[in-house]
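The primary structure of each chain is shown beneath.
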Amino acid sequence: MNTKLIPYLAFDSKTKEAMTFYQSALGGELSMQTFEESGAPVKPEEKDRIIHADLKNGDLSFMASDGNPEHPVHMGNNITMSLTGDDEAKLTEYFNKLSEGGEVDMKLEKQFWGDHYGQLTDKFGVHWSVNITMPKKE
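Residues numbered from 1 in each chain as written. Predicted model: local features only at pLDDT ≥ 70, side-chain atom pairs only at ≥ 80, totals over all residues. Heavy atoms only, no water.

### Some details on the overall build of the chain
Within the chain, the secondary structure is distributed over three helices and eight strands. When the helices and strands of the chain are read in sequence order from the N terminus, they spell out β-α-β-α-β-β-β-α-β-β-β. Against the 2.2 N^0.38 benchmark of 14 Å for 138 residues, the chain shows a C-alpha radius of gyration of 15 Å, consistent with a compact globule. Seen through its principal axes, the chain has C-alpha atoms that stretch 35 × 30 × 30 Å. Here the chain holds 138 residues, and the buried ones make up 35% of them. (Helix = DSSP H or I, 4+ residues; strand = E, 2+ residues; numbered from the N terminus. Rg over C-alpha atoms; globule rule 2.2 N^0.38 Å. Buried < 20%, exposed > 50% of the residue type's maximum accessible area, 1.4 Å probe, protein only.)

Have a look at this one:
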């Protein structure tokens, strides 16, 4: 897998509605998972929020999720540049370089879904996430 740059949108509990709209406008295949379906710890009032949505139509691809009280969404500040791929060394280097002069919001480390993932805000205020797809154990 090559490294890809994918926009990641955040909504305040409107991800399902927004992504369904974008699919109707842009076509493609839409997948969505709720917080409850993910197996992540979740409060009852947040179980139906979307933890991850992915719209793909050829080279056109973007993702989205709902915020929550711990991670509120502020419109205008709701887009993350998401780097994803399986080259651990390259993506770790990107993460470290992008965080220079900025702030690491979530350390790049193994997550409950099995990949390594981290978030940062660079020195210009741009939000980035890095997801390193780890080989699946058979």
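Resuming the write-up.
### Here we look at the pairing of strand β8 (residues 127–132)
With five of its six residues buried, β8 lies for the most part within the structure. Across six bridges, strand β5 (residues 79–85) lies against β8 in parallel orientation. From the neighbouring strand, Thr-80 faces β8, where its bridge partner is His-127. (Pairing = 2+ DSSP bridges.)

### Some remarks on the sheet that holds strand β3 (residues 50–57)
Remark on secondary structure: sheet strands pair via backbone hydrogen bonds, oriented parallel or antiparallel. Ordered in space as β2-β3-β4-β1-β5-β8-β7-β6, the eight strands form an open sheet in which the pairing is mixed. Strands at the two margins of the open sheet, each flanked by one partner only, are β2 (29–34) and β6 (103–110). Mean inter-strand twist for the sheet, computed between neighbouring axes without regard to direction, equals 20°. Here helix α1 (residues 15–26) sits on the sheet in contact with β1 (4–11), β2, β3 and β4 (60–66), set at roughly 5° to β3. (Axes fitted to C-alpha atoms, helices over the stretch in contact; angles between N-to-C directions. Contact = heavy atoms within 4.5 Å.)

### Observations concerning α1
A rise of 1.5 Å per residue sets the reference length of α1, with its twelve residues, at 16 Å; its end C-alpha atoms lie 16 Å apart and thus fit the reference within 8%. Close packing links the buried residues of α1 with β1, β2, β3 and β4. Backbone geometry just after α1 places Gly-27 at a positive phi near 75°. (Expected span 1.5 Å × (residues − 1).)

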